[in-house]
Amino acid sequence: MTFNTFIKLIFIAILFASFTACGSSDDSSNEAIVENAVFTDLDGNQVSIKDFEGKLVLIDFWESWCGPCLQVFPTMDELREEYPDQFEVLAVTVGLNEGPEDARKFAAEHDYDFNWLYDETGVFTKLGGQGIPFKVFVDPDGNLISIEMGSYGREGDYNKTKKLIQEYF
């Protein structure tokens, strides 16, 4: 077996495990986790998903080393500019390899209009997250729309998210 084949098999196994984990929790359990989600901002204050009722919310679990995560940040920022009263991005550092200080440094170096948060309460894990990017969409009433692992790329994520915003407003 060549090294490339071995890497491909490992990647497939990780994807399978991730999709299995994401699908293993029932929807009502995930709904309750999302409805009660609380994060910590970079100043140490608690932030609840309930603080954003009335807006479509993207909880975007990320870390600064995740290329696919960072690739879509500019387009999500564009959507924030286009729909400032309807759309919020909660950029939540997972804590896989980084802490709040890494997120703080990244946020200081980039001018994205996001809510920079840290997942101290383990929402990512409770939802079955095992890899990033990991996105959770929440409707304006605070209800779970979807949980997704991966990215459709800049244009794909932009179009999908814009369609959701337009559907709810």
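All residue numbers refer to position in the chain's written sequence, counted from 1. Where local features are concerned, this predicted model is filtered to residues with pLDDT of at least 70; where side-chain atom pairs are given and counted, the filter is 80 or more; whole-chain, interface and lining totals use all residues. Processing note: side-chain calculations cover all non-hydrogen atoms of the structure and skip hydrogens and water entirely.

Caption draft 1: Structural detail: the environment of Thr 161. Here Thr 161 lies in helix 7 (residues 153-168). Classification of residues uses two cut-offs on accessible area relative to the type maximum, computed with a 1.4 Å probe and protein chains only: under 20% is buried, over 50% is exposed, and between them is partly exposed. Residue classification places Thr 161 among the buried residues on the basis of a relative accessible area of 1%. A C-alpha to C-alpha distance of 9.9 Å links Thr 161 and Val 57, two positions 104 residues apart in sequence. Once residues lying within four places of it in the same chain are set aside, the contact partners of Thr 161 are Leu 56, Met 76, Leu 79, Phe 87 and Phe 137. Under the scheme used here, helices are H or I runs from DSSP no shorter than 4 residues and strands are E runs no shorter than 2 residues, and both carry numbers assigned from the N terminus. Any two residues whose heavy atoms approach within 4.5 Å are treated as being in contact.

Caption draft 2: Representation of the state of the cysteines in the model. Note on disulfides: each one is a pair of cysteine sulfur atoms within 2.5 Å. Taken as a whole and assessed by the stated rule, the structure comprises one disulfide. Here Cys 66 connects covalently by a disulfide to Cys 69, the sulfurs 2.3 Å from one another. In this structure the cystine formed by Cys 66 and Cys 69 twists about its S-S bond by roughly 75°; its chirality is therefore right-handed.

Caption draft 3: Just helix 2 (residues 27-35), in detail. By the burial criterion, the buried members of helix 2 are Asn 30, Glu 31, Ile 33 and Val 34. Seen from one end, helix 2 has its buried residues packed into an arc of 165°, which puts them on one side. On its buried face, helix 2 is in contact with helix 6 (123-126), strand 6 (134-138) and strand 7 (144-149). Directions from the helix axis toward the C-beta atoms define the arc.

Caption draft 4: Quick peek at the packing of helix 4 (residues 73-82) against helix 7. Axes here refer to lines fitted to C-alpha atoms; in helices the fit is confined to the stretch in contact. Angles between the N-to-C directions go from 0 to 180 degrees. Closest axis-to-axis distance for the helix 4/helix 7 pair is 9 Å, and the angle between their directions is 30°. As the angle between them shows, helix 4 and helix 7 are arranged roughly parallel. Crossing of helix 4 over helix 7 shows right-handed handedness. Contacts between helix 4 and helix 7 pair Pro 74, Thr 75, Met 76, Glu 78, Leu 79 and Glu 82 from the former with Arg 154, Asp 157, Tyr 158, Thr 161, Lys 162 and Ile 165 from the latter. Just so you know the grouping, Ala, Val, Leu, Ile, Met, Phe, Trp, Tyr, Cys and Pro go in nonpolar, Asp, Glu, Lys and Arg go in charged, and all remaining residues, Gly too, go in polar. Among the residues forming the contact of helix 4 with helix 7, the class breakdown is five nonpolar, two polar and five charged. We call two directions roughly parallel when the angle between them is under 35 degrees, roughly antiparallel when it is over 145, roughly perpendicular when it lies between 65 and 115, and oblique otherwise. We call a crossing left-handed when the near helix sits turned anticlockwise from the far one by less than a right angle, and right-handed when that turn is clockwise.

Caption draft 5: Main features of the confidence of the model for the protein. Across the protein, the average pLDDT comes to 87, with 85% of residues at 70 or higher. Per-residue confidence from the prediction method is given by pLDDT, with values spanning 0 to 100. In this model residues 4-25 is a low-confidence stretch, pLDDT under 50, and it forms 12 contacts with partners more than four residues away in sequence or in other chains.

Caption draft 6: Representation of the nonpolar core in the model. Buried Ala, Val, Leu, Ile, Met, Phe, Trp, Tyr and Cys residues form a nonpolar core when they are joined through side-chain atoms within 4.5 Å. Ranked by internal contacts, the top residues of the largest apolar core, which has 45 residues, are Phe 39, Ile 59, Phe 61, Phe 87, Leu 90, Trp 116 and Val 136. Take this core: its biggest share by element is six residues, from strand 3 (residues 56-62). Filtering out sequence-adjacent residues up to four positions away, Phe 61 remains in contact with Phe 39, Cys 69, Val 92, Val 94, Asp 119, Val 123, Phe 124, Ile 132, Pro 133, Phe 134 and Val 136.

Caption draft 7: Expanded view of the pattern of salt bridges. A carboxyl oxygen of Asp or Glu within 4 Å of a side-chain nitrogen of Lys or Arg is what we treat as a salt bridge. One pass over the structure, following the stated rule, counts six salt bridges. The partner of Lys 135 in a salt bridge is Asp 157, with the nearest N and O atoms 3.2 Å apart. Taken together, the residues span a long stretch of sequence, with Lys 135 in strand 6 and Asp 157 in helix 7 at a distance of 22 residues. The exposure classification of Lys 135 matches that of Asp 157, with both residues buried.

Caption draft 8: Seen up close, the side chain of Asp 60. With respect to the helices, strands and loops of the structure, Asp 60 is situated in strand 3. In this structure, Asp 60 is in contact with Phe 73, Leu 90, Ala 91, Val 92, Phe 134 and Lys 135, ignoring residues within four places of it in sequence.

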